[in-house]
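Results of the structural survey
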Amino acid sequence: MRPGHKGHEMATLETPPSAPAPESKAKPGIVDAIKKIFAGEDPNPERVIARRRRFVMAGVLGFLGVNFLMFLRFFFPRALYEPKTKFLIGYPSDFGFGVDTKFQNAHRIWVVRNTEGIFVISAICTHLGCTPDWKPSENKFKCPCHGSGYDPEGVNFEGPAPRPMDRAHVEVTPEGQIEVDLSHVYRWPKGERSEFNDPGAIIHV
Amino acid sequence: MAEGNGKNGSSGNGATGNGADAGGNGAKKSPVATIVEGAKAVQVQATEEIKALKQLDKTDVWKSVLRVKHDETPRSRALGVLSNVFLHLHPAKINRDAVAYNYTWGMGGMTFYVYITLVFTGTLLMFYYHPSKVVAFRDILYLEHDVPFGKLLRNMHRWGAHLMVIMVELHMFRVFLTGSYKKPREFNWVVGVLLLVLTLLLSFTGYLLPDDQLGFWAVTVGTNMARATPLLGHDGPFGHQLGMTPFNDVRFGLLGGSIVDSNALLRAYIWHCVAIPIIASAFMVVHFWRVRKDGGISGPAPVQLETEMKEPRKI
């Protein structure tokens, strides 16, 4: 930064290739290296001070940086106290044809039975995550937030929703009850393969 | 308290002065004469003090704590502004045309006023509000229907919040129309944009706090948009490739969970009541300071009317 400083740096950069290079080759000991570091040989005190200042600054910034990372990590808890994603909803014979909304409040799902079988729709609008309403008179799901409409099987046909609502994994336990796993969903993204016929997406009854 | 300090201060000064005199004369005069002289000096001092106390507003303490009438000189009037902690950010003199309401609309100042109102009413609401599920909404009902003046305060806070957003935007619009974002005010424009963002964040975090259907779904929608954040959201571009899931992305960090639940409510509360107001206040200080440093409110060159020239101000 200062003119004198720069000149000195230039000088040191030019000198090493001529004299000290062979010397260091002859004695590559670690003790010498440590001695060199701690000897304080640098004749220019300004450079020494600048180096120390940089060291302290790096220490302070490093400390603050690590603290910032800690602060960020703090926002991501390991254990969560959220509703269970795996639960029993009863026997297949409990559900008649059509849409059953009795688990909407408890588990945010609808159980649907059609000619193919029983499947469970996760009651989350695929647009921005509100819960659509089941409108029996219109035979459709209608989202109150932005007006997405879905048919009784949860397939979108109006509004901004980009894809049908996800379906939860279902299986019949050895006792014969239906177990729903909301952490494992089957999707049908626009223009991609439908996962709705995968094993576990529907119980054929 | 002011009286006592004034008395102590002045008597302290007097005593040292007299002490020095007495010491100087003591070498020539007899000890008795010295004592008599000292006593006289004390009497004179006391008389002066009593006289001074009759004119309280002339004491140093009075003048340093309370406002005094300044002399009718430009310098004195300038000092009246500069020596007051609440006014020192203001320029001592301003261009009359720059502060005309039809030029500034007064929106910046009024925004600040509304912000102060919001801080005050918000702090009062905090005395009744618990940021946890079930209780939060009950507290809102309690404030609305039972707490004396609770309805008034809550509505002042709510409408003030709406008003602040409108005013910030009008202020920005005015600054744009008058070209006040131009050199040398570019930096302050950027600070202003940050303040706009902080205002909107305050509005958004405050939205969830009543924990009613409106706020809950608004925050559901708002935070679902964060899923689509590039790199940091699990539904956004490159989010999946960077290993983002609903349990470690930016939305999770905002909500403290994968769903809008008690953690989300608590986080919104803390951002709303502590963190963002502190950040916004700091930026406001910079904003106001910068207005001053950039030469005050922008405006046309100062104009002196002919009528003013004829009759110069009293000096």
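Residues numbered from 1 in each chain as written. Chains lettered and ligands numbered in written order. Predicted model: local features only at pLDDT ≥ 70, side-chain atom pairs only at ≥ 80, totals over all residues.

1. Examining the overall build of chain B
Which entries qualify depends on this criterion: Under the DSSP-based scheme used, a helix requires at least four consecutive residues in state H or I and a strand at least two consecutive residues in state E, with every element numbered from the N terminus. Here exposure depends only on C-beta density: within 10 Å of a residue's C-beta, 20 or more other C-beta atoms make it buried, 12 or fewer make it exposed, and intermediate numbers make it partly exposed, the C-beta atoms being placed from the backbone. We call two residues in contact whenever the C-beta atoms placed from their backbones are within 7 Å.
Within chain B one finds 13 helices and zero strands. Listed by position from the N terminus, the elements making up chain B come as α-α-α-α-α-α-α-α-α-α-α-α-α. Across the 315 residues in chain B, those meeting the buried criterion constitute 21%. Put simply, of all contacts in chain B between residues at least 6 apart along the chain, 62% involve residues at least 24 apart.

2. Remarks on the overall build of chain A
Counting its secondary structure elements, chain A contains five helices and ten strands. Taking contacts inside chain A between residues at least 6 apart in sequence as the whole, the part at least 24 apart equals 42%.

3. Describing unusual backbone geometry
With the exception of glycine, most residues fall at negative phi, and the peptide bonds are largely trans. Residue and element names in this part refer to chain B. Cis geometry marks the peptide bond from Lys183 to Pro184, where omega comes out at 5°. Mapped onto the secondary structure, Pro184 falls in the loop between helix H8 (150-177) and helix H9 (186-208). We note that Val134 has phi near 70°; this positive angle belongs to a residue other than glycine. On the secondary structure map, Val134 appears in the loop between helix H6 (107-126) and helix H7 (135-145). With a phi close to 70°, Leu231 is a non-glycine residue in the positive phi region. With respect to the helices and strands, Leu231 occurs in the loop between helix H10 (213-226) and helix H11 (250-255).

4. Comments concerning the sheet that holds strand E2 (residues 98-100) of chain A
Residues and elements named next belong to chain A. Formally: Paired strands, as defined in this entry, are two strands with at least two bridges between them according to DSSP. All axes are obtained by fitting lines to C-alpha atoms, using only the stretch in contact for helices, and the reported angles, taken between N-to-C directions, cover 0 to 180 degrees.
Pairing is antiparallel across the open sheet formed by six strands, whose spatial order is E1-E10-E9-E4-E3-E2. Unpaired on one side and paired on the other, strand E1 (86-90) and E2 mark the two borders of the sheet. Looking at each pair of strands side by side, their axes are set apart by 35° on average, direction ignored. With five bridges joining them, strand E3 (residues 109-113) and strand E4 (residues 118-122) adopt antiparallel strand pairing. Bridging across to E4, Val111 finds its partner in Val120.

5. Some remarks on the interface of chain B and chain A
To keep it simple, the criterion reads: Classes in brief: Ala, Val, Leu, Ile, Met, Phe, Trp, Tyr, Cys and Pro nonpolar; Asp, Glu, Lys and Arg charged; the others, Gly included, polar.
In this complex, chain B contributes 13 residues to the contact, which on the side of chain A involves nine residues. Mapped onto the side of chain B that touches chain A, the elements with two or more residues apiece are H10 and H11 of chain B. It is H10 of chain B that contributes the most residues to the side of chain B that touches chain A, five residues altogether. In terms of residue class, the side of chain B that touches chain A is made up of five nonpolar, seven polar and one charged.

6. Some remarks on the sheet that holds strand E5 (residues 133-135) of chain A
The strand order E5-E6-E7-E8 (chain A) describes an open sheet built from four strands, whose pairing is antiparallel. At either margin of the open sheet sits one strand with a lone partner, and together these are E5 and strand E8 (156-158) of chain A.

7. Describing the pairing of strand E10 (residues 178-186) of chain A
Residue and element names in this part refer to chain A. Of the pairings in the sheet, the one linking E1 to E10 comprises four bridges and is antiparallel in character. Looking at the pairing, Gly90 lines up with Ile178 of E10. Relative to E10, strand E9 (residues 167-172) is paired through six bridges, and the arrangement is antiparallel. Following the sheet pairing, Val170 is matched in E10 by Val180. Where E9 folds back on E10, the antiparallel hairpin that results is connected by five residues, among which Gly176 adopts a positive phi of roughly 95°.

8. Some points on helix H12 (residues 262-293) of chain B
Residues and elements named next belong to chain B. For clarity, the cut-off: By this rule, a helix spans an expected 1.5 Å times one less than how many residues it contains.
Between its first and last C-alpha, H12 extends 45 Å over 32 residues, near the 46 Å set by a 1.5 Å rise per residue. Every buried residue belonging to H12 is among Asn263, Ala264, Leu265, Arg267, Ala268, Tyr269, His272, Cys273, Ala280 and Val291, and all of these are buried. Elements that come into contact with the buried residues of H12 comprise H6, H7, H9, H10 and H11.

9. Re the confidence of the model for chain A
For the record, the criterion: pLDDT gives the predictor's per-residue confidence on a scale running from 0 to 100.
Looking at chain A, pLDDT values average 86 and 84% of them are 70 or higher. Taken together, the stretch residues 1-16 of chain A has pLDDT below 50 and engages in four contacts with residues farther than four places along the chain or on a different chain.

10. Some words on H6 of chain B
Residue and element names in this part refer to chain B. For clarity, the threshold we go by: By definition, the arc is the one covered by directions from the helix axis to the C-beta atoms.
In a regular helix each residue adds 1.5 Å, so 20 residues correspond to 28 Å; H6 covers 28 Å between its end C-alpha atoms and thus fits that length. Listing the buried residues of H6 in full gives Gly108, Thr111, Val114, Tyr115, Leu118, Gly122 and Leu125. What you see down the axis of H6 is that its buried residues fit within an arc of 115°, all on one side. Taken together, the buried residues of H6 touch H7, H8 and H12.

11. Examining the nonpolar core
Nonpolar side chains in soluble globular proteins tend to be buried together. Short version of the rule: Only buried Ala, Val, Leu, Ile, Met, Phe, Trp, Tyr and Cys residues enter a nonpolar core, and they are joined through C-beta atoms within 7 Å.
Counting 27 residues, the largest nonpolar core has Ile109, Trp110, Val111, Phe119, Val120, Ile121 and Val180 of chain A as the members making the most contacts within it. Of all the secondary structure elements, the ones that give two or more residues to this core are E3, E4, E9 and E10 of chain A. Beyond its immediate stretch of four places on either side in the chain, Ile109 of chain A contacts Phe103, Val120, Ile121, Ser122, Ala123, Ala168 and Val180 of chain A. Within the second largest apolar cluster, 19 residues are counted, among which are Ile140, Leu254, Leu255 and Tyr269 of chain B.

12. Comments concerning the packing of H9 of chain B against H12 of chain B
Residue and element names in this part refer to chain B. Convention followed: Angle categories: roughly parallel below 35 degrees, roughly antiparallel above 145, roughly perpendicular from 65 to 115, and oblique for all the rest. By definition, turning the near helix anticlockwise from the far helix through less than a right angle yields a left-handed crossing, and turning it clockwise yields a right-handed one.
One way to put it is that H9 packs onto H12 with a least axis distance of 9 Å and a crossing angle of 160°. As summarised for this structure, H9 and H12 are arranged roughly antiparallel, according to the angle between their axes. Note that H9 runs across H12; the crossing there is left-handed.

13. Things to note about the confidence of the model for chain B
In the predicted model, chain B carries a mean pLDDT of 84, and the fraction of residues at 70 or more is 85%. Per-residue pLDDT stays below 50 along residues 1-26 of chain B; that stretch engages in 26 contacts with residues further than four places along the chain or on separate chains.

14. Some details on the environment of Val99 of chain B
Residue and element names in this part refer to chain B. Tracing the backbone shows Val99 in the loop between helix H4 (74-82) and helix H5 (101-104). Overall, Val99 belongs to the partly exposed group, with 14 C-beta atoms counted inside 10 Å. Separated by 123 residues in the primary sequence, Val99 and Gly222 place their C-alpha atoms 39 Å from one another. With near-sequence residues (within four places) excluded, Val99 lies in contact with Ile94, Thr104 and Ile297.

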